[in-house]
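Descriptive structure summary
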Amino acid sequence: MTITKCIVLFLLIFILAISHSTLFLFCIHYLIIMCLSDFEFINNKVDYAIDYINNNNLHNFFINTQHHNCKYSLRDYFGALYYFEKMGITYATYESIITASKSYTIYNSFKLPPRSQLNKFKIKLANFNFSKKLHNHYYSNNDIHTKIIMIDSSFIPNKACPKTTNIVGVNTYYKNKFGIKITSINNEFKFPLYLIIDSGNMNDSKIGTKMVKKFNNELNNKLLLADSGYDSKNFKSILDDKNCEYIIPINKRNKDSTEIKKLKNQMREHSNDKINSKKILLKQTKQKKEKEEIWNEIKEIRETLRIKLKGVKKNVEKKTFKGKKIKKFNLGLKKDELKIYKKRVRVEHFFSFLKGKRLRNIINKNKKMIYESIYSRIIDLVIINKIGRAHV
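Residues numbered from 1 in each chain as written. Predicted model: local features only at pLDDT ≥ 70, side-chain atom pairs only at ≥ 80, totals over all residues. Heavy atoms only, no water.

1. Let's talk about the packing of aromatic side chains
- Taken as a whole and assessed by the stated rule, the structure comprises 18 aromatic pairs.
- Taken together, a centroid distance of 5.1 Å and an interplanar angle of 90 degrees make the contact between F61 and F62 edge-to-face.
- Assessed through its relative accessible area of 46%, F61 is described here as partly exposed.
- Pairing Y138 with F191 gives two aromatic rings, centres 5.3 Å apart and planes at 55 degrees, and the pair type is tilted. In this pair, Y138 is assigned in helix α8 (residues 130–141) and F191 in the loop between β5 (177–186) and β6 (192–199), connecting sequence segments 53 residues apart.
- Assessed through its relative accessible area of 5%, F191 is described here as buried.
- Three or more aromatic residues link up through ring pairs in this structure, and these residues are Y52, F61, F62, Y72, Y77, F78, Y82, F121, F128 and F130.
- For K45, the ring lying beneath its charged end belongs to Y82, and the centroid distance is 4.3 Å.
- Across the ring face of F128, the terminal group of K133 is positioned such that the distance to the ring centre comes to 3.7 Å. (Phe/Tyr/Trp six-rings, centres within 6.5 Å; stacked < 30°, edge-to-face > 60°. Buried < 20%, exposed > 50% of the residue type's maximum accessible area, 1.4 Å probe, protein only. Helix = DSSP H or I, 4+ residues; strand = E, 2+ residues; numbered from the N terminus. Lys NZ or Arg CZ within 6 Å of the ring centre and 35° of its normal.)

2. What about the side chain of N43?
- Among the secondary structure elements, N43 is positioned in helix α3 (residues 38–55).
- Among the polar contacts made by the side chain of N43, one reaches the side chain of R75 at a distance of 2.4 Å.
- Setting aside its immediate chain neighbours within four residues, N43 contacts R75 and F110. (Polar contact = N/O pair within 3.5 Å; in protein donor to acceptor, adjacent residues only side chain to side chain. Contact = heavy atoms within 4.5 Å.)

On their own, these measurements won't tell you what the molecule is for.
So, in structure tokens, the structure goes:
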């Protein structure tokens, strides 16, 4: 885009900002499109989707071109849908862009169908698991397996799903918000090999064991990187059965749990003996003042027990680690393991990419629609690799 075009466009935006708000919004979106050159990205994504449809003879399943009311082609629907997802806009702003100019077409290539028709088309894609099949097609036709794989989960707050559904749960680590949890196994280059949606209150290690059980020989001679949330006996035993190595830091909650339990039980028994002896004296005494004194002594014993139970874990950690600083996320890892473990950050980069645009909150009510929007975002990674530039 030349300098003269930029100046003219900014002048138009300034004039339209004073006169009409919808046209002003339309020009802002047009400016974003021109500056970011999203046409290349969306056009490649549309071509990739239509090539898959043509190769599998699925054209008539999504749209009937022979119908007399068919105004929009399959290319228009995909172009509008991917533009809608790429820009991260709502249906209301999408409608305002259409009403601003009825003859408006993005990039002079794709017509924008109405909101209702676009939503119906997306429901068809969700019922067909279209984006997931595109992902599986790329997964089967490309060598994306690496020696190192990584697993992690991320929480997305709920905005639309009914709270009674199985995939929605309360997560105490996110201020008791309702939401879902996405767990993904990725290769060394951030690309997801397998992805699953579960309730927001489900434990990471339980989801991990459920995912790993579904693999047959894919985990053979692999190295799995996971955080301390996956430090469980069941998860590690399944990985051993699959002949998969792993680097998982020690979870502080699991460290020396038997020793801590023994010390706590000893302290409780000792305090209970004192309390029982005081209660025997309480039955024998008849004066009120002496009874009150005994009750106060019992309260003091219980309070000191409560304080001591809190300090047991810290004292055990001081003995086991000999006064060294305990790093929460790298606990129990050696220097060689720590160098490899740092690569696990890439799966977190994937989740930050995945939760961009419209996936910061759950907007879709149906589980299939959620899967469709997630896998559609994953297909963006495929297109990025094809174009050869980090265009998010």
